[in-house]
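As a plain string of letters, each chain reads:
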Amino acid sequence: MDEETRKKQEYYRDARINGDYDNIWKTTGECVFCALNEKYVIYEENGVALVVQLFAYIDGHLLIIPRRHIRSVKELTSIEWETMRKMMYIAKKMIRDIYGIKGMQIIQKDGVGSQSTVDHLHFHCIPFDSPDLNQWNFRKLKNTPIENTALYIAKKPEIEKLAKRFAGKYQNE
Ligand SMILES: [Zn+2]
């Protein structure tokens, strides 16, 4: 590895903790997941890639990315979803094998404002061995569990409508 390549690799390695990452996505014009760097793809099947995260949260961090530029899980075909399921299995086994970490968090951020970098659907597979990483900031609750359940149950007709709509729009593709 030449000096320049090594420097670039160290830049990727440290970007999350020195603040560089916050400026990166503003400077890249194209979708970084449509233009995947092939050298970080460790496995691929049915148009779904298992990729090493360039800006990892922790060593071993992987991403599962469909090649198609889609924004939501609802746009996945059955075969793509089935393949992603397989990738989650492979990721967990490999993280355990290589890094000795038995836990894994699967994270997919959905909705406006939650994907700060790219809107191309991707799942994070993050080795998880202690709660210091991705710690949740719990909030003071307004409702008890039964009150929250009641709010959802009151919308039962809405839920059934959504289930029907999903079946019509996104299944059997
Ligand atoms: Zn894309």
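### Points about the overall build of the chain
The number of helices and strands found in the chain is 5 helices and 5 strands. For the chain, the α and β elements follow one another from N to C terminus as α-α-β-β-β-α-β-β-α-α. Projected onto the principal axes, the alpha-carbon positions of the chain cover approximately 60 × 40 × 35 Å. Taken across its 173 residues, the chain has 14% of its residues classed as buried. Look at the contacts in the chain between residues 6 or more apart in sequence, and 59% of them connect residues 24 or more apart.

### Section: the pairing of strand β3 (residues 62–66)
Counting buried positions along β3 gives 5 out of 5 residues, so the element sits mostly inside the fold. Burial along β3 is two-sided: L62, I64 and P66 facing one way and L63 and I65 facing the other are all buried. Where strand β2 (residues 48–52) meets β3, 5 bridges bridge the pair, whose relative direction is antiparallel. Within β3, the position partnered with V48 by the bridge is P66. Bridging between β3 and strand β5 (residues 123–128) involves 3 bridges; their strand directions are antiparallel. Bridging from a neighbouring strand, I64 pairs with F123 of β5.

### Describing unusual backbone geometry
Even without being a glycine, N46 presents a positive backbone phi close to 50 degrees. For N46, the position within the fold is in the loop between β1 (41–45) and β2.

### Side note on the confidence of the model for the chain
On average, residues of the chain carry a pLDDT of 88, and 91% of them reach 70 or more. Within the chain, β3 carries the highest mean pLDDT (97), whereas helix α2 (residues 21–27) carries the lowest (66).

### Concerning helix α1 (residues 3–18)
Side chains of residues three or four places apart in an α-helix project in the same direction, reflecting 3.6 residues per turn. End to end, α1 covers 21 Å across 16 residues, agreeing with the expected 22 Å (1.5 Å per residue, within 8%). Largest kink in α1: about 35 degrees, centred on Y12. Along α1, only 0 of the 16 residues are buried, which leaves the element largely exposed. Directly after α1, the chain includes G19, whose backbone phi takes a positive value near 95 degrees.

### Some words on the nonpolar core
Ranked by internal contacts, the top residues of the largest apolar core, which has 17 residues, are L50, I64, A91 and C125. When contributions to this core are tallied by element, the ones reaching two or more residues are β2, β3, α3 (78–99) and β5. When residues no more than four places from it in sequence are discounted, the contact partners of L50 are I42, Y43, E44, L62, I64, M87, I90 and A91.

### A short note on the pairing of β2
Of all the 5 residues making up β2, 4 are buried; the element is thus mostly covered by neighbouring parts of the structure. Between the antiparallel neighbours β1 and β2 lie 2 residues, among them N46 with a positive phi of about 50 degrees.

### Quick notes on the sheet that holds β1
The pairing of strands in a sheet comes from backbone hydrogen bonds and takes either a parallel or an antiparallel form. Pairing within the open sheet is antiparallel, and its 5 strands lie in the order β1-β2-β3-β5-β4. Looking along the sheet, the strands with just one partner apiece sit at the ends: β1 and β4 (103–107). Adjacent strand axes in the sheet meet at a mean angle of 20 degrees, parallel and antiparallel pairs treated alike. By the bridge criterion, 4 bridges tie β1 to β2 in an arrangement that is antiparallel. Looking at β2, one finds that Y43 is bridged to L50. Packing of α3 onto the sheet brings it into contact with β1, β2, β3, β4 and β5, and relative to β2 it is tilted by some 25 degrees.

What counts, and at which threshold
- Residues numbered from 1 in each chain as written.
- Predicted model: local features only at pLDDT ≥ 70, side-chain atom pairs only at ≥ 80, totals over all residues.
- Helix = DSSP H or I, 4+ residues; strand = E, 2+ residues; numbered from the N terminus.
- Buried ≥ 20, exposed ≤ 12 C-beta atoms within 10 Å, placed from the backbone.
- Contact = placed C-beta atoms within 7 Å.
- Pairing = 2+ DSSP bridges.
- pLDDT = per-residue confidence, 0-100.
- Expected span 1.5 Å × (residues − 1).
- Bend = angle between axes of the 7 residues up to and from the residue.
- Core = buried A, V, L, I, M, F, W, Y, C linked by C-beta atoms within 7 Å.
- Axes fitted to C-alpha atoms, helices over the stretch in contact; angles between N-to-C directions.

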